[in-house]
Each structure stands twice: as C-alpha cells, then as structure tokens.
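Each chain, written out:
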Amino acid sequence: MPILQGGHRFDEIARQWHDLAERRLAYFTELYRSGRWRHYYSQEYFALRMLDVIRAAKVWGDIVGRPHGEQQAAHDDDHRHAA
C-alpha cells in the first residue's frame, strides 16, 4: 500500500474512526431494541452511554463530512454562538 501524504492520511484515519463509531452505534441500538441492555446496564447508565455513542458518531460524521478548513470555521462558530 502506498504511503498517503499528510491530509489524505488523516482523512483515512477519520473515516476509520467514523466507521467504528457507526458500528458502535448500531451495536447499542440493537442492545436497546432487543432489551439485552438490561443484562449489562442500569437504565440511567445505559441512557448516558447511548448519548455518548450518538455524540461520538455525530462528531466523527461531522469531521469526515467537511474539508479541514470548514471544520475549524465551524468550531469557531460554535464558540461564538455559545456566549
């Protein structure tokens, strides 16, 4: 496999993390639908974990979906609107 240069390599890594986050979301969704989560988690803890899983999938999707310059601009905009 040829060595990818700078930004291309980071894009590939981000896609891999996004894929992992999506698989994790699918797993937690299946746990919820089947009710198996009750064997492993309390209701409150599972809800917190599910929120973390959803948030991670969204963040990695945002990273993969925008060019690098737009990511920084969006990050800056988020901080400006928070005040």
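Above: the structure in question.
Treat the numbers as computed from the prediction; the structure is a model and nothing was measured. (Residues numbered from 1 in each chain as written. Predicted model: local features only at pLDDT ≥ 70, side-chain atom pairs only at ≥ 80, totals over all residues. Heavy atoms only, no water.)

## Some details on the overall build of the protein
Line of reasoning, step 1. Along the protein, the regular secondary structure elements total four helices and zero strands.
Line of reasoning, step 2. Across the 83 residues of the protein, 16% fall into the buried class.
Line of reasoning, step 3. The contacts in the protein between residues at least 6 apart in sequence include a share of 53% that link residues at least 24 apart.
Line of reasoning, step 4. Accessible surface, the protein: about 6,800 Å² in total, of which carbon and sulfur atoms supply 57%. (Helix = DSSP H or I, 4+ residues; strand = E, 2+ residues; numbered from the N terminus. Buried < 20%, exposed > 50% of the residue type's maximum accessible area, 1.4 Å probe, protein only. Contact = heavy atoms within 4.5 Å. Areas by Shrake-Rupley, 256 points an atom, 1.4 Å probe, with all protein chains shown as cover.)

## Remarks on the nonpolar core
Line of reasoning, step 1. Within the largest apolar cluster, nine residues are counted, these being Ala21, Leu25, Phe28, Leu31, Trp37, Phe46, Met50, Val53 and Ala57.
Line of reasoning, step 2. Where this core is concerned, the elements lending two or more residues are helix H1 (6-34) and helix H3 (43-65).
Line of reasoning, step 3. Apart from the residues lying within four places of it in its own chain, the contact partners of Phe46 are Phe28, Leu31, Tyr32, Trp37 and Tyr41. (Core = buried A, V, L, I, M, F, W, Y, C linked by side-chain atoms within 4.5 Å.)

## Overview of the pattern of salt bridges
Line of reasoning, step 1. Using the criterion set out here, one finds three salt bridges in the structure.
Line of reasoning, step 2. Between Glu12 and Arg15 there is a salt bridge, and its shortest N-O distance comes to 3.1 Å. Of the two residues, Glu12 and Arg15 are both situated in helix H1; the distance of three residues between them amounts to about one turn of the helix.
Line of reasoning, step 3. According to the relative accessible area criterion, Glu12 is partly exposed, its value standing at 25%. (Salt bridge = Lys/Arg side-chain N within 4 Å of Asp/Glu carboxyl O.)

## Considerations on the packing of aromatic side chains
Line of reasoning, step 1. For the structure shown, the criterion picks out seven aromatic pairs.
Line of reasoning, step 2. On the basis of an interplanar angle of 85° and a centroid distance of 5.7 Å, the ring pair of Tyr27 and Phe28 is categorised as edge-to-face.
Line of reasoning, step 3. Judged by centre distance (5.1 Å) and plane angle (20°), the rings of Trp37 and Phe46 are stacked.
Line of reasoning, step 4. The exposure class assigned to Phe46 is buried, which follows from its relative accessible area of 5%. (Phe/Tyr/Trp six-rings, centres within 6.5 Å; stacked < 30°, edge-to-face > 60°.)

## What to know about the environment of Arg55
Line of reasoning, step 1. By the secondary structure assignment, Arg55 is in helix H3.
Line of reasoning, step 2. By relative accessible area, which is 49% here, Arg55 ends up partly exposed.

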